[in-house]
Amino acid sequence: MAELEESPAAQLLKADVKVVNVGLEGFVKDLEDCGIGVVHLDWVPPAGGDPEMAALLAKLGV
Amino acid sequence: MKLIEDANKEALKRILEAEPKLLDVIPAREAIKGLKERMILHSGPPITWDRMCGPMRGAVAGAIVFEGWAPDLASAEKLAADGGIKFHPNHHFDAVGPMTGMTTVSMPVFVVENARFGNRAYCAINEGLGKVMRFGGNDETVLARLRWLRDVFGPEMSKTLRLLGSVELKSIVARGLSMGDELHQRNVACSSVFLREVAPALARVSTDKEVLAECLGFIAKNDQFFLNIAMAMAKTMTDPAKGIRGSTVVTAMCRNGTEFGVRVSGTGDRWFTAPVEMPEGLYFPGYSEKDANPDMGDSAIVETVGLGGFAMAASPAVAGFVGAGSPSSAANFTKAMGEITVSQNSEWTIAAMDFAGVPTGIDVRLVVETGLQPTINTGIAHREPGVGQVGAGVVKAPMGCFTQAVRAIAKDLGVS
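A brief structural summary. Everything quoted here is computed from the prediction, not taken from an experiment.

1. Regarding the overall build of chain A
Piece 1. For chain A, the count of helices and strands is 4 helices and 2 strands.
Piece 2. For 62 residues, the compact-globule formula gives about 11 Å, and the C-alpha radius of gyration of chain A, at 18 Å, lies well above that figure.
Piece 3. Over its C-alpha atoms, taken along the principal directions, chain A stretches across nearly 50 × 30 × 15 Å.
Piece 4. With 62 residues in all, chain A has 16% of them scored as buried.
Piece 5. Residue pairs at least 24 apart in sequence account for 0% of intrachain contacts in chain A once pairs closer than 6 positions are excluded.
Piece 6. In the form shown here, chain A has an accessible surface area of approximately 4,700 Å², with 63% of it arising from carbon and sulfur atoms.
Piece 7. Separation between the mean location of the 4 positive side-chain charges and that of the 11 negative ones in chain A comes to 3 Å.

2. Comments concerning the environment of V167 of chain B
Residues and elements named next belong to chain B.
Piece 1. Among the secondary structure elements, V167 is positioned in strand β7 (residues 167–168).
Piece 2. Spatially, the C-alpha atom of V167 lies 29 Å from that of A392, the residues being 225 residues apart in sequence.
Piece 3. For V167, the contacting residues outside a window of four places in its chain are P20, K21, L22, L161, I172, F194, E197 and V198.

3. Description of the interface of chain A and chain B
Piece 1. Contacts between chain A and chain B engage 14 residues on the former and 14 residues on the latter.
Piece 2. A per-residue breakdown of the area chain A buries against chain B is headed by M53, L60 and V62 of chain A, which together make up 45% of the total.
Piece 3. One can count 1 salt bridge joining chain A with chain B.
Piece 4. Across the salt bridge formed by E52 of chain A and R407 of chain B, the nearest N and O atoms sit 3.0 Å from each other.

4. Some thoughts on a nonpolar patch on the surface
Residue and element names in this part refer to chain A.
Piece 1. A cluster of nonpolar side chains, namely V20, V22, V39, L41 and W43, defines an oily patch on the protein surface of about 490 Å² accessible area.
Piece 2. Those elements giving two or more residues to the nonpolar patch turn out to be β1 (18–22) and β2 (37–41).
Piece 3. Tracing the backbone through its elements, the reader meets W43 in the loop between β2 and α4 (51–59).
Piece 4. Residue W43 is classed as partly exposed on the basis of its relative accessible area, which comes to 45%.

5. Some details on the pattern of salt bridges
Residues and elements named next belong to chain B.
Piece 1. For the coordinates displayed, the defined rule picks out 25 salt bridges over all chains.
Piece 2. One salt bridge in this structure joins D82 and K78, with 2.7 Å as the shortest N-O distance. Taken individually, D82 and K78 each receive the classification exposed, so the pair is uniform in this respect.
Piece 3. Of the charged contacts, one joins D269 and R263 as a salt bridge, the two residues approaching to 3.9 Å between their closest N and O atoms.
Piece 4. Counted as one network, the salt bridges with shared partners bring together E5, D363 and R365.

Cut-offs applied
- Every chain's residues receive numbers from 1 upward, in the order its sequence appears when written.
- Written order decides the labels, with chains lettered from A and ligands numbered from 1.
- Thresholds applied to this predicted model are a pLDDT of at least 70 for local features of residues and 80 or more for the giving and counting of side-chain atom pairs; totals over whole chains, interfaces and linings are not thresholded and use all residues.
- Where side-chain values are given, they derive from all heavy atoms of the structure, hydrogens and water being excluded.
- A run of DSSP states H or I qualifies as a helix once it reaches four residues; a run of E qualifies as a strand once it reaches two. Both are numbered from the N-terminal end.
- Note that the radius of gyration is over C-alpha atoms, with the globule rule given as 2.2 Å times the number of residues to the power 0.38.
- Classification of residues uses two cut-offs on accessible area relative to the type maximum, computed with a 1.4 Å probe and protein chains only: under 20% is buried, over 50% is exposed, and between them is partly exposed.
- Contacts are residue-level and defined by heavy atoms, with any inter-residue pair within 4.5 Å sufficient.
- Here the Shrake-Rupley method, with its probe set to 1.4 Å, supplies the accessible areas, and only the displayed protein chains count as covering residues.
- Positive residues here are Lys and Arg, negative ones are Asp and Glu, while His and the chain termini are left out of the count.
- Here the site of a charge means atom NZ of a Lys, CZ of an Arg, CG of an Asp or CD of a Glu.
- Note on definitions: buried area is the accessible-area loss of two parts on being combined, 1.4 Å probe, summed for both.
- Salt bridges are defined by distance alone: a side-chain nitrogen of Lys or Arg within 4 Å of a carboxyl oxygen of Asp or Glu.
- Within this analysis, patches are made of residues with over 30% relative accessible area and no salt bridge. Like charges are joined at 9 Å or less; nonpolar side chains (Val, Leu, Ile, Met, Phe, Trp, Tyr) at 5 Å or less.

Purely spatial values, then, with no claim about function.
Structure below.
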């Protein structure tokens, strides 16, 4: 327990929390409603998450 | 992949080097090689009568009566259903048409030539707003206007343009962008600039004051007059970029109210199609999304050269008109389209974006990679034949067209 309290993650939560939200925008409002500073990064997986298409695009130079 | 990058550079070079000029207005039968009696050119990729949407059928029936191939709308529909009319896409005949895109032999068409490459493209004259054939209208008021365009306005414009020699179009577009047009759902600035350029010559060739006043008034009252000229211009710009092996740059996007079609440079004249999507937008009083037809028209050729939804930042007023959000959010659309294009057009700049050029050269690879579908500003037609326009909005090009294109290019290059 003592080790957990000393961990960087635990230290982080003792200070003001600031969040970068990646992907699903729905989390942004929940965090804002809790008074937490949040920056949203509009991101989706490459090729809509289709690994075969993503691999093909990589070969085509994207 | 170097072959693709080099091919795309060449495609962009050809698009950006275009020198489109408006030369004339002449009957389609004189302008369009291969266009014959009982043949109708329509918007979008190929489609048969049985799969056409309501407004397309309404426009077809009206066009048949207009040409005198049937005495009334009911007989016209029967003629079409019985196979008495040959249907072909405008794009197969160097032409384009907004919404239903009807082009038949006696309709006057704008003749635009790309002086850099010598190719031409054609588009019928914009009829104005309200009940019009491009939105599926087909009653006597619609046909009477088409007869006036054929018998009066077309010949007057032909004499005017022949006196002028030609009208250079890129500079009009550049000025329009700086005056709040995006060239798809807002053309009021370009239409006004065009009127200023042709009015003196129109006055000189006209022998009848009333006819002159009617012609001037027709252009002046139609904020979308320039759209059809811009469409023919855009087609002359992209056609020289067709057929460059390995190029992933889009050369045409269009819709027939049932399917969306995309052409890509590296695959030439092949269509990649997918079911067309419904526009999201605002409706005129008394109408709602329940009345709306799925998206249609060849007008997405303007987005293909970086205008329309791609140039939304130039036209904050349009963002509100098409229900795309606040005027201050207009730039977001242009920035997003910058993610899926390979370059900008330095001749067409947007003041509100520190004079950045409009995003140009849609790369099918980037569309699929990012998931950002091309944004198209569009009018919305009523789903029933004969009603006309009921609103305006924004529609996305279906992702299926672009994934098919990526696979086709990969196959052609032996990549798997």
